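# Summary of structural features
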Amino acid sequence: PVPGKLPGDVSVRPDAAYRLAFPADATTDAVVEKLRAVKDWPNLEAIDLSGCRQVTDAALGHLGAVPGLTAVGLADTGVTDSGVCRLLTR
């Protein structure tokens, strides 16, 4: 991976904050695991997984690889209270 570039040749501005939203029907724990590839993208501040019913507590461990993350949307997912507690303590 090239620093400052995302898959699909999306330019990343160093002075901007970014939010990723995922499609509800296609997002699984395996898709969330791919966020490890954006570990060099400190401007990613929010990830919205709302409606992704196939996302479970297992996916939350992968979010620790995103250094600038300050917000995660988890409404209508398979994530439990226990998973949220683990995420908050990371």
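Residues numbered from 1 in each chain as written. Predicted model: local features only at pLDDT ≥ 70, side-chain atom pairs only at ≥ 80, totals over all residues. Heavy atoms only, no water.

## Remarks on the overall build of the chain
Stated formally: In this text, helices come from DSSP runs of H or I with a minimum length of four residues, and strands from runs of E with a minimum of two, each type numbered from the N-terminal end. Using a 1.4 Å probe on the protein chains alone, a residue whose accessible area is under 20% of its type maximum counts as buried, one over 50% counts as exposed, and one in between counts as partly exposed. The method behind every accessible area is Shrake-Rupley, applied with a 1.4 Å probe, and residues are considered shielded solely by the protein chains displayed.
Counting its secondary structure elements, the chain contains three helices and five strands. Written out in order from the N terminus, the α and β elements of the chain read β-β-β-α-β-α-β-α. Burial analysis of the chain (90 residues in total) assigns 34% to the buried set. About 5,500 Å² of surface is accessible on the chain, with carbon and sulfur atoms providing 56% of the total.

## Details of the pattern of salt bridges
Note the threshold: The working definition used for a salt bridge is a side-chain nitrogen of Lys or Arg within 4 Å of a carboxyl oxygen of Asp or Glu.
All told, the structure shown has two salt bridges when counted by the stated rule. The shortest N-O distance in the salt bridge between D48 and R19 comes to 2.8 Å. With a gap of 29 residues between them, D48 in strand 4 (residues 44–48) and R19 in strand 3 (residues 18–21) connect regions that are remote in the sequence. According to the relative accessible area criterion, R19 is exposed, its value standing at 52%. For the salt bridge of D57 with R86, the shortest nitrogen-to-oxygen distance reads 3.8 Å. Of this pair, D57 sits in helix 2 (residues 57–60) while R86 sits in helix 3 (residues 81–88), and the two are 29 residues apart along the sequence. Relative accessible area serves as the criterion here: at 49%, R86 is assigned to the partly exposed category.

## Quick look at the side chain of T77
Worth spelling out the cut-off: Under this definition, polar contacts are N or O atom pairs within 3.5 Å; protein pairs additionally need one hydrogen-donor-capable and one acceptor-capable atom, and for neighbouring residues in sequence, both atoms have to be side-chain atoms. Contacts are residue-level and defined by heavy atoms, with any inter-residue pair within 4.5 Å sufficient.
As for its placement among the helices and strands, T77 is situated in the loop between strand 5 (71–73) and helix 3. According to the relative accessible area criterion, T77 is buried, its value standing at 16%. Polar contacts involving the side chain of T77 include one to the main-chain carbonyl oxygen of L74, which spans 2.8 Å. Non-local contacts of T77, meaning those with residues more than four positions away in its chain, are made with L49, S50, G51, C52, R53 and V55.

## Topic: the pairing of strand 4
Note the following rule: Strand pairing is defined by DSSP finding a minimum of two bridges between the two strands.
Of all five residues that make up strand 4, four are buried, and the element is covered over most of its length. As paired strands, strand 3 and strand 4 are joined by four bridges and run parallel to one another. Its bridge partner being in strand 4, R19 is matched across the sheet by A46.

## Focus on the sheet that holds strand 5
The condition is simple: Here the axes come from fitting lines to C-alpha atoms, over the contacting stretch only for helices, and the angles between their N-to-C directions go from 0 to 180 degrees.
Read across the sheet, three strands follow the order 3-4-5 without closing on themselves; strand pairing throughout is parallel. Single-partner strands in this sheet number two, and they are strand 3 and strand 5. Shown here is a sheet whose adjacent strand axes are inclined to one another by a mean of 15°, direction ignored. Strand direction decides the pairing type here: strand 4 and strand 5, joined by three bridges, are parallel. In the sheet register, D48 faces strand 5, and the bridge partner there is G73.

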